[in-house]
Amino acid sequence: LMKKILLFIVFLLAFLIPAFIFKSDAGFYESLSLPQFAPPKEVFSIWILLYILIAYVFAYVFSTYDKEVINDFKQIAIVNYILNISFTPVFFEMQNYLLAMLIAIATFITSVFLLYETYKLNKRLSILLIPYVLWTLLASILIIAVFIMN
């Protein structure tokens, strides 16, 4: 149990620290031409909940299963993590809409694979990743619209 708790804290910090270092700029977001379906900036605090769910899944998987069993999960998790944390600096600091769009789409695709790999290990646990997959889908559609409109 202690191992799971420590892993959960480590994984959660791995998501939260970059989120605090690379801040999203609400003023910049509101200055963009946005589609009608764009959520208000306050809704993006959903990421904290998503990071908690992802960290729990990661902690559970890495503390429960043998390394050989979770190799595919681990590779997808690493790629998904790198993509996830790279979106904010690319979009908000570099203001590179094309690269941000590609990162968002790749994040969505890898989140689907992450869900699949988790499902193969533990069907009930995989349910916790459904909000993440849905949110990355919405984010991908939103950034495609931002790319087109700006």
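Within each chain, residues carry numbers counting from 1 in the order of the written sequence. Totals for whole chains, interfaces and linings use every residue, but because this is a predicted model, local features are given only for residues with pLDDT of at least 70 and side-chain atom pairs only at 80 or more, for both listing and counting. Side-chain numbers come from the whole structure's heavy atoms, not from hydrogens or water.

Trainee: How should the packing of helix α5 (residues 97–121) against helix α7 (residues 130–149) be read in this particular structure?
Mentor: Packed helices, taken two at a time, are described by their axes: the angle between them and the distance between them. Across the interface, α5 lies against α7 with an axial gap of 9 Å and an inter-helix angle of 160 degrees. In terms of orientation, α5 lies roughly antiparallel with respect to α7. As for the relative orientation of α5 and α7, their crossing is left-handed in sense. For the pair α5 and α7, contact is made by Y97, L98, A100, M101, A104, I105, T107, F108, S111, V112 and L115 and by I130, Y132, V133, T136, L137, S140, I143, I144 and F147, respectively. Residues are grouped as follows: Ala, Val, Leu, Ile, Met, Phe, Trp, Tyr, Cys and Pro are nonpolar; Asp, Glu, Lys and Arg are charged; all remaining types, including Gly, are polar. Partitioned by chemical class, the residues of the contact of α5 with α7 number 16 nonpolar, 4 polar and no charged. Where helices are involved, their axes are fitted lines through C-alpha atoms of the stretch in contact, as for all axes, and angles between N-to-C directions lie from 0 to 180°. The secondary structure listing takes helices from DSSP runs of H or I that are at least 4 residues long and strands from runs of E that are at least 2 residues long, numbered from the N terminus. Throughout, the term roughly parallel applies to angles under 35 degrees, roughly antiparallel to angles over 145, roughly perpendicular to angles from 65 to 115, and oblique to all others. A clockwise turn of the near helix away from the far one marks a right-handed crossing, whereas an anticlockwise turn of less than a right angle marks a left-handed crossing. Note on contacts: a residue pair qualifies if any of its non-hydrogen atoms lie within 4.5 Å across the two residues.

Trainee: Could you clarify how one ought to interpret the pattern of salt bridges in this entry?
Mentor: For side chains bearing opposite charge, pairing can occur when the charged atoms are close. Salt bridge, as used here: a side-chain nitrogen of Lys or Arg that lies within 4 Å of a carboxyl oxygen of Asp or Glu. All told, the structure shown has 3 salt bridges when counted by the stated rule. The salt bridge involving K120 is made with E117; its shortest N-O contact spans 3.2 Å. Pair noted here: K120 and E117 are both in helix α5, with a separation of 3 residues, about one helical turn. Each of E30, K41 and E42 takes part in a single network of salt bridges with overlapping partners.

Trainee: Would you mind going over the side chain of T118 with me for this structure?
Mentor: Its place among the elements puts T118 in helix α5. Counting of polar contacts relies on pairs of N or O atoms within 3.5 Å, with two restrictions inside protein: one atom must be capable of donating a hydrogen and the other of accepting it, and residues adjacent in sequence are counted only when both atoms are side-chain atoms. A polar side-chain atom of T118 sits 2.7 Å from the main-chain carbonyl oxygen of L114.

Trainee: Any chance you could explain unusual backbone geometry here in plain terms?
Mentor: Glycine aside, residues mostly have negative phi, and peptide bonds are mostly found in the trans state. With a phi angle near 55 degrees, Q95 is a residue other than glycine that sits in the positive phi range. Counting through the fold element by element, Q95 comes out in the loop between α4 (71–93) and α5.

Trainee: Looking at this structure, I do not really get the packing of aromatic side chains. What am I missing?
Mentor: For any pair of aromatic rings, the description consists of the separation of the ring centres together with the inter-plane angle of the planes. Pairing of aromatic side chains here covers Phe, Tyr and the six-membered ring of Trp, requires ring centres within 6.5 Å, and sorts the geometry by plane angle: under 30 degrees stacked, over 60 edge-to-face, intermediate tilted. Considering all chains together, one arrives at 20 aromatic pairs under this definition. Between F15 and F58 the ring centres are 6.1 Å apart and the planes differ by 50 degrees, which places this aromatic pair in the tilted class. Note that F15 is positioned in helix α1 (residues 2–21) and F58 in helix α3 (residues 46–64), a separation of 43 residues in sequence. Exposure class is identical for F15 and F58. Each is buried. When the ring of Y29 is compared with that of F44, the centres are 5.2 Å apart and the planes differ by 75 degrees; the resulting orientation is edge-to-face. Highlighted residues: Y29 in helix α2 (residues 26–31) and F44 in the loop between α2 and α3, separated in sequence by 15 residues. Of the residues examined, Y29 reaches a relative accessible area of 8% and is grouped as buried. For each residue, the accessible area found with a 1.4 Å probe, counting protein chains only, is set against the maximum for its type, and the residue is called buried under 20%, exposed over 50%, and partly exposed in between.

Trainee: Before we go on, may I ask you to explain α4 in this structure?
Mentor: Every α-helix winds through 3.6 residues per turn, so residues three or four apart in the chain are directed the same way. Relative to the 33 Å expected for 23 residues at 1.5 Å per residue, α4 spans 33 Å between its end C-alpha atoms, a close match to the ideal helical length. One axis fitted to the seven residues ending at a residue, another fitted to the seven starting there: the angle between these axes is the bend at that residue. The largest bend along α4 measures about 30 degrees and falls at S86, with the proline P89 one to four residues further on. Within α4 the residues assigned to the buried category are F73, I76, A77, N80, L83, N84, T88, P89, V90, F91 and F92. Immediately beyond the C-terminal end of α4, within one or two residues, lies Q95, with a positive phi of roughly 55 degrees. Expected span of a helix: the number of residues minus one, times 1.5 Å.

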